[in-house]
2 protein chains.
Amino acid sequence: MSFAETFKALSDPARRKILLMLREGKLSAGEIGSHFDMTGATVSYHLSVLKKADLVYETKQKNFVFYELNTSVFEEIMLWFAQFKGEKSDETE
Amino acid sequence: MSFAETFKALSDPARRKILLMLREGKLSAGEIGSHFDMTGATVSYHLSVLKKADLVYETKQKNFVFYELNTSVFEEIMLWFAQFKGEKSDETE
DNA sequence: TAACTATTTAGATTATTTTCTAAATAGCTG
DNA sequence: CAGCTATTTAGAAAATAATCTAAATAGTTA
């Protein structure tokens, strides 16, 4: 995973909204798209960005493509942020 | 603070590098710029993006402008990510 | 297999972002 | 105040990203 790709993926509001939607479980591309005012092609583009960033993965059932959160990458991002937590040499409290 | 702005700010590698540099303490715009192969004007642009996202703040001393991490925003981002932690109804372990 | 449904890919267009050069601002120092 | 040093702002050019329409793929079902 590259942080560049991950943060790029997170930098778009539509993509963040998709991630939030997926918290409740997997959704098909069509179900995801129905919440947006953009074409299916554009939604598909955003899903591919999330997929390349490993933030989601897909599974196929019948002629549907389901998307699901890949929580392990979230853990890694949390670790990146943890780098910024605390310990400046002369912390007051 | 808006997550849109924050994630946008984090999506650029130069800006992430700046943040990492600032972990050790405040640095002037010039010191920051010396680590990059870009003009001072471009560095200044990146600093302004980080500043608008509240990821850093500036203080002035003599004719220097010092930049410093604003750790409180990092806490808020961690909270955003925490939304994705755990509890899918049927968690196994 | 033909028509249908769901989704993706291609290619073009538009919008946004990054970067540069040149000029402007601002504080300092002789 | 004149000339420095440090940094920012303006404006333009180049690069990247988001979006659309139209066409392609793929699986489904009558």
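Preceding this paragraph is the structure being described.
Quick notes on the rules
Residues numbered from 1 in each chain as written. Chains lettered and ligands numbered in written order. Predicted model: local features only at pLDDT ≥ 70, side-chain atom pairs only at ≥ 80, totals over all residues. Heavy atoms only, no water. Pairing = 2+ DSSP bridges. Helix = DSSP H or I, 4+ residues; strand = E, 2+ residues; numbered from the N terminus. Contact = heavy atoms within 4.5 Å. Axes fitted to C-alpha atoms, helices over the stretch in contact; angles between N-to-C directions. Least-squares fit on C-alpha atoms with pLDDT ≥ 70 in both. Salt bridge = Lys/Arg side-chain N within 4 Å of Asp/Glu carboxyl O. Buried < 20%, exposed > 50% of the residue type's maximum accessible area, 1.4 Å probe, protein only.

(A) Spatial organisation of the pairing of strand β2 (residues 56-61) of chain B. Residue and element names in this part refer to chain B. Pairing analysis gives six bridges linking β2 to strand β3 (residues 64-69), with the strands arranged antiparallel. Bridged to tyrosine 57 within β3 is glutamate 68. Hairpin connection between β2 and β3: a loop of two residues separates the two successive antiparallel strands, and lysine 62 in this loop has a positive phi of roughly 55 degrees.

(B) View of the sheet that holds β2 of chain B. Residues and elements named next belong to chain B. The strand order across the open sheet built from three strands is β1-β3-β2, with neighbouring strands paired in antiparallel fashion. Unpaired on one side and paired on the other, β1 (27-28) and β2 mark the two borders of the sheet. Most of the contacts of helix α4 (residues 40-52) go to β2, to which it runs at about 120 degrees, and overall it touches β2 and β3.

(C) Summary view of the relation of the copies chain B and chain A. Rotating chain B by 180 degrees and translating it 0.0 Å along the rotation axis places it on chain A, where the RMSD comes to 0.0 Å. Taken together, the rotation and translation relating the two chain copies correspond to the operation of a two-fold axis.

(D) Representation of the pattern of salt bridges. All names here are of chain A. A complete count under the given rule lists eight salt bridges over all chains for this structure. One salt bridge connects glutamate 68 with lysine 26, and the closest N-O pair in it is separated by 3.7 Å. On the criterion of sequence distance, the pair formed by glutamate 68 in strand β3 (residues 64-69) and lysine 26 in the loop between α2 (13-21) and β1 (27-28) is long-range, its members being 42 residues apart. Classification of lysine 26 by relative accessible area gives partly exposed; the value is 38%. Measuring nitrogen to oxygen at the nearest pair gives 3.9 Å for the salt bridge that ties lysine 60 to glutamate 58. Lysine 60 sits in the exposed class, given a relative accessible area of 61%. Within this structure, Lys51, Glu58 and Lys60 form a network of salt bridges that share partners.

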